[in-house]
Amino acid sequence: MSTTASAKNGTWRNWGGNVAARPARQVEPASVEELAAAVRKAAEDGLKVKAVGTGHSFTSIAATDGVLIRPQLLTGIRDIDRDAMTVTVEAGTPLKRLNAVLAREGLSLTNMGDIMEQTVSGATSTGTHGTGRESASIAAQIKALELVTADGSVLSCSEKGTEEERAVFAAARIGLGALGIVTAITFAVEPLFLLTAREEPMPFERVLAEFDQLWAENEHFEFYWFPHTGNTNTKRNNRSAGPEQPVGQLAGWFEDEFLSNGVFQVAQWVGRAAPAAIPAIAQVSSKALSARTYTDIPYKVFTSPRRVRFVEMEYAVPRAALADTLRELKAMVDRSGLRVSFPVEVRTAPADDITLSTASGRDSAYIAVHMFRGTPYQAYFTAAERIFTAHEGRPHWGKVHTRDAEYFAGAYPRFGEFTALRDRLDPERLFQNDYLRRVLGA
Ligand SMILES: Cc1cc2nc3c(=O)[nH]c(=O)nc-3n(C[C@H](O)[C@H](O)[C@H](O)COP(=O)(O)OP(=O)(O)OC[C@H]3O[C@@H](n4cnc5c(N)ncnc54)[C@H](O)[C@@H]3O)c2cc1C
């Protein structure tokens, strides 16, 4: 096991640049045994323990002043089972590596989020999701899970097994790092398939008026609304028989790289220097994208690089509340003096059975607000959060929010089930940090 960093040079920062922490020590276990030993040693030393992924969360969920467990050496594919159609991976494996290996084997996950930089354990622990009519978050595709608990023992769970193992499985798929350190995850996979993406600009009012139909007619529907405009860009992904028509050709490069990352970055710089110009920039950039269609394997359609850094808040509201919530958000931006240069992203997920999933027991729509890194985001996020919470919103566990345990006890019918399990698995709160104290209570 390699131990890196010291209190002097050991500052850890997240991707968004809005969270920093100084762990007492950082460890990189290369096996489950080494990881279990690190957990026992931390307990002996009276230090808290936190595993981190790639730091892509915008909340302080991964921050610790105790022992930080880094994922770099706990990566790789343990097993591919073609009868059960599952893949088992080490917890620190980046999603991009999993996707590439699966594609080579003629396999794929069913659904995923916008990027694939995160580790499998980090992504699932906060409920990372894409958009889907029937297919839910990445965590909802988990079939079995292995974790090291506070006493240093290894616990395996799935939907089969003892009552306690089933209770752990229900909660630990989106465990917030509160129940133990995940060491391996078994995902359901399916034969590799092709997705056709259809991107099309559409007026804001039309998307909302036709939302139920757009959702019902497409396996994966999402859209971006450009604040200060009545414009959106919609995206429909559906399975297709092909042929492949990858986006990575010249036209695709221009839109994906140049417009999405290059020109977008410049627009963000200009907007940060001169906020008054943002509405005009939004009008131009929301019209710059044209309709296009492409067909490729799933991860190449679902994900794309995000090089422009931002800070984000995202809430899940009941799907039926989407149109009202979004109209209120638009009215709030229109009458405020806010200048918002980042599009608002809207996605959906079906109800799932994971204790603290934002879609737990409820068909959901996600609304995500972003601000360019380095621009003040408090006023916008505070006003947006007021609207989201008025619609029984549940915040993404890895994105900025101000909610606490009292709120979550009302927002999640099974909240008490999660905290009771945590009391059993981690009575001494070895995996506690400030964030968990706030959202789960002491
Ligand atoms: C550019 C960008 C795009 C994004 N796109 C999406 C998106 O499309 N959809 C979406 O839902 N979210 C999205 N997110 C949010 C992101 O997916 C989540 O915050 C995710 O949790 C980050 O994964 P990570 O590997 O960086 O984990 P970290 O942020 O490092 O950690 C997250 C949590 O996982 C815990 N954890 C990590 N490893 C383990 C382990 N082995 N055992 C137990 N707990 C562990 C940590 O303790 C922490 O609590 C995006 C974020 C960024 C920055």
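Note: the structure precedes this text.
Residues numbered from 1 in each chain as written. Predicted model: local features only at pLDDT ≥ 70, side-chain atom pairs only at ≥ 80, totals over all residues. Heavy atoms only, no water.

## Quick look at the overall build of the chain
The test is simple: Helix and strand assignments come from DSSP, with helices taken as H or I runs of at least 4 residues and strands as E runs of at least 2, each series counted from the N terminus. C-alpha atoms define the radius of gyration in this analysis, and the globule rule sets the expected value at 2.2 Å times the number of residues to the power 0.38. Any two residues whose heavy atoms approach within 4.5 Å are treated as being in contact.
Secondary structure summary: the chain contains 14 helices and 21 strands in total. Computed over its C-alpha atoms, the radius of gyration of the chain comes to 21 Å, within 12% of the 22 Å expected for a compact globule of 442 residues. Each of the three principal axes of the chain carries a C-alpha extent, and together these read 60 × 50 × 40 Å. Partitioning the contacts of the chain with sequence separation of at least 6, the portion at a separation of at least 24 is 73%.

## Structural notes on the nonpolar core
Using the following cut-off: Side-chain atoms within 4.5 Å link the members of a nonpolar core, which is a set of buried Ala, Val, Leu, Ile, Met, Phe, Trp, Tyr and Cys residues. Burial classification: accessible surface area is computed with a 1.4 Å probe over protein chains only, and a residue below 20% of its type maximum counts as buried, one above 50% as exposed, and the rest as partly exposed.
In terms of nonpolar packing, the biggest core is built from 59 residues, with Leu 176, Phe 187, Trp 397 and Leu 440 touching the most fellow members. Not counting the four nearest positions on each side in its chain, Leu 176 is found in contact with Lys 50, Ile 61, Ser 125, Leu 356, Trp 397, Phe 418, Leu 436 and Leu 440.

## Things to note about helix H1 (residues 32-44)
This is how it is decided: Multiplying one less than the number of residues by 1.5 Å gives the expected span of a helix. For this quantity, the arc is that covered by the directions from the helix axis to the C-beta atoms.
Between its terminal C-alpha atoms H1 stretches 18 Å, which fits the 18 Å expected from 13 residues at 1.5 Å a residue. The set of residues buried in H1 consists of Val 32, Leu 35, Ala 36, Ala 38, Val 39 and Ala 42. Relative to the axis of H1, the buried residues are bounded by an arc of 155° and lie together on one face. Exposed side chains of H1 directed beyond 90 degrees from the buried face belong to Glu 33 and Glu 44. Note on H1: the residue one or two positions beyond its end, Gly 46, has a positive phi of about 70°.

## Examining the sheet that holds strand S20 (residues 364-372)
Using the following cut-off: Each pair of strands is called paired provided DSSP finds at least two bridges between the two strands. Inter-axis angles, ranging from 0 to 180 degrees, are taken between N-to-C directions of lines fitted to C-alpha atoms, where helices are fitted over the stretch in contact.
The eight strands lie next to each other as S17-S14-S16-S15-S19-S20-S18-S21, forming an open sheet whose pairing is antiparallel. Two strands lie at the open edges of the sheet, namely strand S17 (292-296) and strand S21 (394-395), each paired on one side alone. Where strand S19 (residues 344-349) meets S20, five bridges bridge the pair, whose relative direction is antiparallel. Across the sheet, residue Arg 347 finds its bridge partner in S20, namely Tyr 366. Along the sheet face, helix H10 (residues 322-335) touches strand S15 (220-225), strand S18 (310-318), S19 and S20 and points at about 20° away from the line of S20.

## Here's the deal with the site of the ligand
Stated precisely, the cut-off is as follows: Being near a molecule or strand, for a residue, comes down to having at least one heavy atom within 4 Å of it. Any pair of nitrogen or oxygen atoms within 3.5 Å is treated as a polar contact; in protein, a donor-acceptor pairing is required on top of that, and neighbouring residues in sequence qualify only through side-chain atoms on both sides. Values of accessible area rely on a 1.4 Å probe in the Shrake-Rupley scheme; residue burial ignores everything except the protein chains shown. The residue classification treats Ala, Val, Leu, Ile, Met, Phe, Trp, Tyr, Cys and Pro as nonpolar and Asp, Glu, Lys and Arg as charged. All others, Gly included, are polar.
Ala 51, Thr 54, His 56, Ser 57 and Thr 126 are the nearest of the 35 residues found near the ligand. Within the backbone of Gly 55, a nitrogen or oxygen atom sits 2.9 Å from an oxygen atom of the ligand. Thr 126 places a side-chain nitrogen or oxygen 2.7 Å from an oxygen atom of the ligand. Relative to its unbound accessible area of 970 Å², the ligand is 98% covered by the protein chains. Taken together, the elements giving at least two residues each to the shell around the ligand come down to strand S5 (49-51), helix H3 (120-125) and strand S12 (181-188). Top contributing element to the shell around the ligand by residue count: H3, with four residues. The class makeup of the residues in the shell around the ligand is 13 nonpolar, 17 polar and five charged.

## Focus: the sheet that holds strand S7 (residues 77-81)
Taken in spatial order, the five strands make up an open sheet running S7-S8-S12-S10-S11, and their pairing is antiparallel. The open sheet has two edge strands with one neighbour each: S7 and strand S11 (154-158). Each strand axis lies, on average, 15° off the axis of its neighbour in the sheet, ignoring direction. As paired elements, S7 and strand S8 (residues 86-90) share four bridges and run antiparallel to each other. Pairing of Asp 81 across the sheet is with Thr 86, part of S8. Set on the sheet, H1 makes contact with S7, strand S10 (142-148), S11 and S12; between it and S10 the angle comes to about 50°.

Purely spatial values, then, with no claim about function.
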